[in-house]
Amino acid sequence: FRSIYLREYVEFPPVDLPDLPDLPTEPLAISQEYIERSAISVRQHWGLGDGPLGSIVTLLENNGVAVARDDFQADGLDALSEIHPQDPLRCVLLGSGKDSMARSRMDACHELGHLLLHRRIDRMRITNSTELNTIEKQANRFAGAFTLPADAFSADLSSLTLDSFAVLKAKWQMSIGVMIKRCEDLDFLEESQARNLWRSYASRGWRTDEPLDNELPIERPELLAQSFELILSENIQTRDQVLTRCPYDVRDIEELSALDSGFLMGARTPKVRVIPFRQKEEVHAVPTDGTRSPLIDFDSIRQRK
């Protein structure tokens, strides 16, 4: 499912993914130090400071990365990302079966790592499990460095215990497992300490259900849903026209776009919301009688609740 149809009518936020300097074309040439520097430079490029991040999904969408959710129904598959040579938009697809906000944020940042670190790598050349494992580890390292900057995160570490990590989870909104791995990456833990932490982590059942997993709300994508709502609320197209142009199962479209179930079948009236993008100026609303109406004043639309 792609956004090409929507972008005929809606101008999405421009893609603003920084170009990393001297980006290698071979996975083995990307060092851990390079990844750490890259995570810092991305934060600087987006003006994020070095503290805990807000919504990762909103951050991606505001910088031109369309985010969708779907139930992959496949073990071991958490998220996907896409760079299409003929399409400037970047896309990230997150698994909807994961009930942990913290783990889902990690998945989103992992895919951001792929989009930034591996955009020059020919995926067709990744022919063995060693290379694939390397780029996956690199994306994980980037996600950890991006969400838990070394200096700021280390300043919060009063002790290297599971209970301390559980307290920090509420602040940094990353999983305890990610924090343990981050401490390993930064050489804060001896091998025996890390082994004991992981053993205790597993014995508490935290590999499947960590503290706060049922309390922190899952981040909900809005870019695609707001695009459909804009198209319908401003009579740019009718629901029938939308479904004709998008030849997919309506339930799949609604799930991928984070629309309420039944929205595209008319079960809910579209509403106008303040949105971070606008309709393309050259596109006219198309009434059902086939006549063309004047261009819509989107400045006034954005001011309505």
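Before reading further, recall that the structure is shown in the block above.
Residues numbered from 1 in each chain as written. Predicted model: local features only at pLDDT ≥ 70, side-chain atom pairs only at ≥ 80, totals over all residues. Heavy atoms only, no water.

K.L.:
When you look at the pattern of salt bridges in this model, what are you seeing that I'm missing?
P.N.:
Two side chains bearing opposite charge may form a pair once their charged atoms approach each other closely. According to the stated counting rule, one finds 16 salt bridges in the structure shown. Asp213 serves as the salt-bridge partner of Arg103, at 3.1 Å between the closest nitrogen and oxygen. Here Arg103, found in helix α3 (residues 101–117), pairs with Asp213, found in the loop between α8 (191–203) and α9 (223–233); they are 110 residues apart in sequence, far enough to count as distant. By the burial criterion, Arg103 is buried, and Asp213 matches it. Here Arg251 ties to Asp249 by a salt bridge, and the two come within 3.1 Å at their closest N and O atoms. Its relative accessible area of 32% is what places Asp249 among the partly exposed residues. Members of the salt-bridge network, linked through shared partners, are Glu36, Arg141, Lys181, Arg182 and Asp185. (Salt bridge = Lys/Arg side-chain N within 4 Å of Asp/Glu carboxyl O. Helix = DSSP H or I, 4+ residues; strand = E, 2+ residues; numbered from the N terminus. Buried < 20%, exposed > 50% of the residue type's maximum accessible area, 1.4 Å probe, protein only.)

K.L.:
Whenever I open this one, the side chain of His118 confuses me. Can you help?
P.N.:
Positionally, His118 belongs in the loop between α3 and α4 (129–147). Leaving out residues up to four positions away in the same chain, His118 has contacts with Ile30, Gly113, Arg123, Ile135, Gln138 and Ala139. (Contact = heavy atoms within 4.5 Å.)

K.L.:
So what exactly am I meant to see when it comes to the packing of helix α1 (residues 32–46) against α3 here?
P.N.:
Any two packed helices are characterised by how steeply their axes cross, that is the angle between the axes, and by the distance between the axes. Where α1 contacts α3, the two axes come as close as 12 Å, and the packing angle between them is 100 degrees. Compared by their axis directions, α1 and α3 come out roughly perpendicular. Of the residues in α3, those touching α1 at Tyr34, Ile35, Ser38, Val42 and Trp46 are Leu112, Leu116 and Leu117. Considering only residue class, the contact of α1 with α3 consists of seven nonpolar, one polar and no charged. (Axes fitted to C-alpha atoms, helices over the stretch in contact; angles between N-to-C directions. Parallel < 35°, antiparallel > 145°, perpendicular 65-115°, else oblique. Nonpolar A, V, L, I, M, F, W, Y, C, P; charged D, E, K, R; others polar.)

K.L.:
Before we go on, may I ask you to explain the nonpolar core in this structure?
P.N.:
Soluble globular proteins: nonpolar side chains tend toward being buried together. In terms of nonpolar packing, the biggest core is built from 50 residues, with Leu112, Phe142, Phe146, Phe153, Phe165, Ile176 and Ile180 touching the most fellow members. With seven residues, the single largest contributor to this core is α3. In this structure Phe165 touches Leu157, Leu160, Ile176, Met179, Ile180, Cys183 and Leu197, once residues within four positions along its chain are discounted. (Core = buried A, V, L, I, M, F, W, Y, C linked by side-chain atoms within 4.5 Å.)

K.L.:
Explain the packing of aromatic side chains to me, please; I cannot follow it from the model alone.
P.N.:
Counted by the stated rule, this structure contains six aromatic pairs. Measuring from ring centre to ring centre gives 5.6 Å for Phe142 and Phe146, while their planes differ by 10 degrees; the resulting arrangement is stacked. Of this pair, Phe142 and Phe146 both sit in helix α4, four residues apart, roughly one helical turn. You'll find Phe142 and Phe146 in the same group, each marked buried. Note on Tyr201 and Trp206: the rings are 6.1 Å apart at their centroids and 85 degrees apart in plane angle, and the pair reads as edge-to-face. By relative accessible area, Trp206 is classed as buried at 10%. Linked through ring pairs, Trp46, Phe142 and Phe146 together constitute an aromatic cluster. It is Arg43 that lies over the ring of Phe146; its NZ or CZ is 5.7 Å from the centre. (Phe/Tyr/Trp six-rings, centres within 6.5 Å; stacked < 30°, edge-to-face > 60°. Lys NZ or Arg CZ within 6 Å of the ring centre and 35° of its normal.)

K.L.:
Where do I start with the environment of Glu26 in this structure?
P.N.:
Of note, Glu26 is situated in the loop between β1 (10–11) and α1. On the basis of relative accessibility, which here comes to 32%, the residue Glu26 falls in the partly exposed class. Distance from Glu26 to His118, taken between C-alpha atoms, is 8.6 Å for residues 92 residues apart in sequence.

K.L.:
Would you explain unusual backbone geometry in this entry?
P.N.:
Across the chain, the bulk of peptide bonds are trans and the bulk of non-glycine residues have phi less than zero. In the Ramachandran plot, Gln173 falls in the positive-phi region, its phi being about 55 degrees despite a non-glycine side chain. Exposure remark for Gln173: the relative accessible area of 22% places this residue in the partly exposed category. Despite not being glycine, Asn235 shows a phi value in the positive range, around 55 degrees. Residue placement: Asn235 occurs in the loop between α9 and α10 (239–245).

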